[in-house]
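Structural characterization, general
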Amino acid sequence: MITSPIWKNLVETEAEKPYMKQLKKKILDDYNTYAVYPPHTDILKALELTPFEDLKVVILGQDPYHGPGQAHGLSFSVLEGIKTPPSLRNIFQELVTDLNVPVPTTTNLTSWAKQGVLLLNTTLTVIGGQPLSHANLGWETFTDEILQTINREKEKVVFILWGAHAQKKIRFIDQSKHFIIKSPHPSPLSSHRGFFGSKPFSGTNDYLIKNNVQPIDWRL
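Here is a short report on the structure shown in this document. (Residues numbered from 1 in each chain as written. Predicted model: local features only at pLDDT ≥ 70, side-chain atom pairs only at ≥ 80, totals over all residues. Heavy atoms only, no water.)

**A few points about the pattern of salt bridges**
This is how the line gets drawn: By salt bridge we mean one thing: a side-chain nitrogen of Lys or Arg within 4 Å of a carboxyl oxygen of Asp or Glu. The buried label goes to any residue with under 20% of its type's maximum accessible area, the exposed label to any with over 50%, and the partly exposed label to all in between, with areas taken from a 1.4 Å probe on protein chains only.
Enumeration over the complete set of coordinates arrives at nine salt bridges. A salt bridge links Lys 17 to Glu 14, with the nearest nitrogen and oxygen atoms 2.8 Å apart. Residue classification places Lys 17 among the partly exposed positions, given a relative accessible area of 32%. Salt-bridge contacts for Asp 30 lead to Lys 26; the nearest nitrogen and oxygen are separated by 3.1 Å.

Next up, the structure:
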């Protein structure tokens, strides 16, 4: 359940708009017809676990993992017992080398979310086995509104933008009051073009500490 008043108001306001009513109908039809991920109850999990008031960092993904049991509403995260996706494996490799911390023992990034890291995808659902199947249906309008609300209502937020898709959202971010960390995507297709060695985790904490904000404990 979403407890943050700002998130709650945003969700309720967007729910009344024509695009969201059309999106909800399409998504409901697909949930009744196909395997759709994440589970319906987890679609807004990122907003539930990271109240607006506590938000310090945004890590922006594209759309949920499309394999069985993987997606649970947090970008890049998978539940325990599920094989580590290649992008997450590369994120962990960079985490270990960046911060000199032990290799993570869990693939579930909930502890990051509870510390103020909004793990947001730009599209919040996907048909199983069909990446980007729910892109361009309206989710992007909703998540763009989330990003614009953060930009407008908060200061000193770190936006971690991995890959060209996430970096398109720079237009919503006022860089005079927020901090952007960008690099190639952690996917195996692009990780060796500059993701490895980009030090996003130490860079985030350096900025937070400099601005008298409690840093993130990235260890898992």
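**What to know about the packing of aromatic side chains**
Quick note on the threshold: Any two of the Phe, Tyr and Trp rings considered here, Trp counted by its six-membered ring, make a pair once their centres fall within 6.5 Å; the pair's planes then place it as stacked at under 30 degrees, edge-to-face at over 60, or tilted in between. To qualify as a helix, a DSSP run of H or I must reach at least 4 residues; to qualify as a strand, a run of E must reach at least 2; elements of each kind are numbered from the N terminus.
Under the criterion given, the structure shown has nine aromatic pairs. Summarising the aromatic geometry, the rings of Phe 201 and Trp 218 are spaced 5.0 Å apart at their centres and angled 70 degrees between planes, so their arrangement reads as edge-to-face. Separated by 17 residues along the polypeptide, Phe 201 in helix H8 (residues 200-210) and Trp 218 in the segment after H8 bring together distant segments of the chain. Each member of the pair, Phe 201 together with Trp 218, is buried.

**Notes on unusual backbone geometry**
Of note, the amide linkage connecting Tyr 37 to Pro 38 takes the cis form, showing an omega dihedral of -5 degrees. Tracing the chain through its elements places Pro 38 in the loop between strand S1 (36-37) and helix H3 (45-49). Positive phi, close to 55 degrees, is recorded for Asn 100, a residue that is not glycine. Relative to the assigned elements, Asn 100 resides in the loop between helix H4 (86-99) and helix H5 (110-114).

**Considering the nonpolar core**
Cut-off, in case you're wondering: Only buried residues count toward a nonpolar core, which is a set of Ala, Val, Leu, Ile, Met, Phe, Trp, Tyr and Cys residues joined through side-chain atoms within 4.5 Å. The criterion used for residue contact is that any of the two residues' heavy atoms lie within 4.5 Å.
Ranked by internal contacts, the top residues of the largest apolar core, which has 63 residues, are Trp 7, Ile 59, Trp 112, Leu 118 and Ile 150. For Leu 118, the residues in contact, after removing those within four places along its chain, are Trp 7, Ala 46, Leu 47, Thr 50, Leu 55, Val 57, Val 58, Ile 59, Ile 146 and Ile 150.

**Re the side chain of Thr 50**
Looking at where Thr 50 falls in the secondary structure, it is placed in the loop between H3 and strand S2 (57-61). By relative accessible area, which is 1% here, Thr 50 ends up buried. Among residues more than four places away in sequence, those in contact with Thr 50 are Trp 7, Leu 55, Ala 113, Gly 116, Val 117 and Leu 118.

**What to know about the pairing of strand S5 (residues 158-162)**
Inclusion rule: Two strands make a pair as long as DSSP finds a minimum of two bridges between them.
Most of S5 sits out of view: five of its five residues are buried. As paired strands, S5 and strand S6 (residues 179-183) are joined by five bridges and run parallel to one another. When the bridges of S6 are listed, Leu 161 appears paired with Lys 182.

**Some points on H4**
Every α-helical turn comprises 3.6 residues, leaving residues that sit three or four positions apart pointing alike. In plain terms, the rule: Expected helix span is computed as 1.5 Å times (number of residues minus one).
Look at H4: 20 Å from first C-alpha to last across 14 residues, which is about the 20 Å you get at 1.5 Å a residue. By the burial criterion, the buried members of H4 are Ser 87, Leu 88, Asn 90, Ile 91, Phe 92, Glu 94, Leu 95 and Asp 98. Packed against the buried residues of H4 are H5, S5 and H8. Taken from the residues just after H4, Asn 100 is the one with a positive phi, measuring 55 degrees.

**What about empty space enclosed by the protein?**
To keep it simple, the criterion reads: Grid spacing is 1 Å over the protein atoms alone, the probe is 1.4 Å, and a cavity is where that probe fits but cannot get out, while a pocket is an open set with protein on both sides within 12 Å along at least five of seven lines and lining residues have an atom within 4 Å of a point. Grid points are joined across faces, edges and corners, and a volume is the space filled by probe spheres set on the points. In this classification, Asp, Glu, Lys and Arg are treated as charged, Ala, Val, Leu, Ile, Met, Phe, Trp, Tyr, Cys and Pro as nonpolar, and every other residue, Gly included, as polar.
One pass over the full model with this rule turns up one cavity of 30 Å³ or more. In terms of lining residues, the largest cavity is bounded by Ile 43, Leu 44, Ala 46, Leu 47, Gly 73, Leu 120, Leu 124, Phe 142 and Ile 146. Those elements that provide at least two residues to the lining of the largest cavity are H3 and helix H6 (139-153). Here the lining of the largest cavity is built from residues that sort into eight nonpolar, one polar and no charged.

Geometric descriptors of this kind do not, in isolation, establish any biological role.
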